[in-house]
Amino acid sequence: MASQKTTQSQHVPATGVKSIRLLFSALLLVMLLSALDQTIVSTALPTIVGELGGLDKLSWVVTAYILTSTIVVPLYGKFGDLFGRKRVLQIAIVLFLVGSALCGLAQNMTQLVLMRALQGLGGGGLMVISMAAVADVIPPADRGRYQGLFGGVFGLATVIGPLIGGFIVQHTSWRWIFYINLPLGLFALLVIGTVFHSTNKRSEHQIDWLGALYLSMALLCITLFTTEGGTVREWSDPQLWCILAFGLVGIAGFIYEERLAFEPIIPLSLFRDRSFLLCSLIGFIIGMSLFGSVTFLPLYLQVVKSATPTEAGLQLIPLMGGLLVTSIISGRLISRTGKYRLFPIAGTLLGFIGMLLLTRITIDSPTWHLYLFTGVLGMGLGLVMQVLVLAVQNSVAPNLYGVATSGVTLFRSIGGSIGVALFGAVFTHVLQSNLTRLLPEGAEIPRGMNPVAVHHLPVAVRTDYLDAFGAAIHAAFMMAACIMVLAFALSWLLKESPLKKSHH
């Protein structure tokens, strides 16, 4: 332990060990705020619509934040490399806090959607700059245990977001979902301003604005395609495929521009780095699995197991607990041994087993089966998530920490967005097919899979509906398990590189 402290103090002369701990606590808080705001609003949406109206804009309260935060991830990574992580992180926090305050003051749904977009412009920077900032003050050999905590906090926020949102709405006002960010964000801003000494700066800057435009167009259109496909628009809608076509044009334009740009946002040379390419692909699959499972498990618990929204959130604790424990343990083991390749292999295997076990859940299965299987899934995801960031940071030059970190984070975010849409399409298709086959002609089917409406159906119809619902959930998890096999195969291709003992 003493040798670790010595190592840290040698590489960060301007920052003592106590200051590092204080700074790291602030960075964890910043990560928590960013990740929470992706999910905390979901349980409050019915209350918000009841007060503000605008049911047609309901989905955009969530989508606006995801869209803008995803679009700016690679931009923040580049800005952090160019202007220094500290300054860019402070700007991101201020944007996030201004957006949060204005969300709480919104008087109609249009204002709320616009302010959520503003909040996302800051939120996208909080996550990626926080992870890249660790690389500025902690050498790779000691970085594993710190990055492991980031993985735990991200998983914690993903799972407890709906639970906290439901609690706040039940006991105060939905506006406090946004106001609660203000004191926490101001505290993090104060600590970062005091103890964070970023040294990664350059004197000459040339921002690739055309590349940023192409990238924004690509991400906007692809996220819109996956978010609206099968829900807002039918898959046969020509406008939907037109949106995808614009997204593909954006990708082609971005690749062309990055080959010519003096300061590219994501240097194409990064994709020639084996670790970066593999970690981005694995991160994409992990994002699909994590967000896909967290989206469908509460729905399953409410419809099939008759849980309330709060109870459904509490019953996801095994998933969060498994992710938190293995993130921290793997980080400490990596710092102690200097080896990291085994963890993505073991994690993707556990993730596959967890998904496969979830396909065995039936209406009559005891709840502890669900706890055990989601715990296995969480343990697998926790072994992988932050190890990917560590492996990438260990393989690239220090001046590319920001763009490399943001690249992996970007692929995970896109994977989450596409995963929810893809699993949703499979789930809906299988559910409708089974309902058509099982239910008698003319039977009333509850719209929107409302749990209360389901439990008021006649007994015979309800049993058939729950059978169809369980089969649809199984299909979604079987698809996730098949995709996880690909991540397992890719993880074997990762090479073990000695962890750097310093930043140079």
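Everything that follows concerns the structure shown earlier in this document.
Every residue gets a number counted from 1 within its own chain, in the order that chain's sequence is written. Only residues with pLDDT of 70 or above have their local features reported here, since the model is predicted, and side-chain atom pairs are shown and tallied only from 80 upward, although totals for entire chains, interfaces and linings are computed over all residues. The side-chain numbers reported here are obtained from all heavy atoms of the structure, hydrogens and water having been left aside.

S.K.: Give me the lowdown on the layout of surface pockets, citing residues and values where you can.
M.R.: Of the voids in this model, the second largest pocket is the one considered here, and its volume is about 360 Å³. The numbering of helices and of strands both runs from the N terminus, where a helix is a DSSP run of H or I of at least 4 residues and a strand a run of E of at least 2. Residue assignment for the lining of the second largest pocket shows that the elements contributing at least two residues are helix H10 (209–228), helix H11 (238–260) and helix H17 (401–438). Here the lining of the second largest pocket gets five residues from one element, more than from any other, and that element is H10. Under the scheme applied, nonpolar residues are Ala, Val, Leu, Ile, Met, Phe, Trp, Tyr, Cys and Pro; charged residues are Asp, Glu, Lys and Arg; polar residues are all the others, including Gly. Considered class by class, the residues forming the lining of the second largest pocket number 15 nonpolar, one polar and no charged. Think of a 1 Å grid over just the protein atoms. A cavity is a set of points where a 1.4 Å probe fits yet cannot get out, a pocket is an open set with protein on both sides within 12 Å along at least five of seven lines, and lining residues have an atom within 4 Å of a point. Grid points are joined across faces, edges and corners, and a volume is the space filled by probe spheres set on the points.

S.K.: Let's hear about the pattern of salt bridges: which residues, and what values?
M.R.: In what follows, salt bridge is the name for a side-chain nitrogen of Lys or Arg lying within 4 Å of a carboxyl oxygen of Asp or Glu. Tallied over the full model, the rule gives two salt bridges. For the salt bridge of Arg175 with Glu51, the shortest nitrogen-to-oxygen distance reads 3.2 Å. Here the residue Arg175 occupies a position in the loop between helix H7 (140–171) and helix H8 (176–179), and Glu51 occupies one in helix H3 (residues 45–52), the gap between them amounting to 124 residues.

S.K.: So what about the packing of aromatic side chains? Which residues, and what values?
M.R.: Here the aromatic set is Phe, Tyr and Trp, taking the six-membered ring for Trp, and pairing holds for ring centres within 6.5 Å; pairs whose planes are under 30 degrees apart are stacked, those over 60 apart are edge-to-face, and all others are tilted. Per the stated rule, a full pass over the model turns up 10 aromatic pairs. Both rings, one in Phe225 and one in Trp235, keep their centres 5.7 Å apart while their planes meet at 65 degrees; by these two values the pair is edge-to-face. Here Trp235 lies in the loop between H10 and H11 and Phe225 lies in helix H10, a separation of 10 residues in the sequence. The class for Phe225 is buried, based on a relative accessible area of 11%. Arranged with centres 5.2 Å apart and planes meeting at 80 degrees, the rings of Phe271 and Phe276 form a pair that is edge-to-face. A 1.4 Å probe rolled over the protein chains alone gives each residue an accessible area, and that area as a share of the maximum for its type sets the label: buried under 20%, exposed over 50%, partly exposed in between. Residue classification places Phe271 among the partly exposed residues on the basis of a relative accessible area of 29%. Residue class for Phe276 comes out buried when judged on its relative accessible area of 0%. An aromatic cluster of at least three residues, connected via ring pairs, comprises Phe79, Phe83 and Trp209.

Scope: geometric values only; no functional claims are made or implied.
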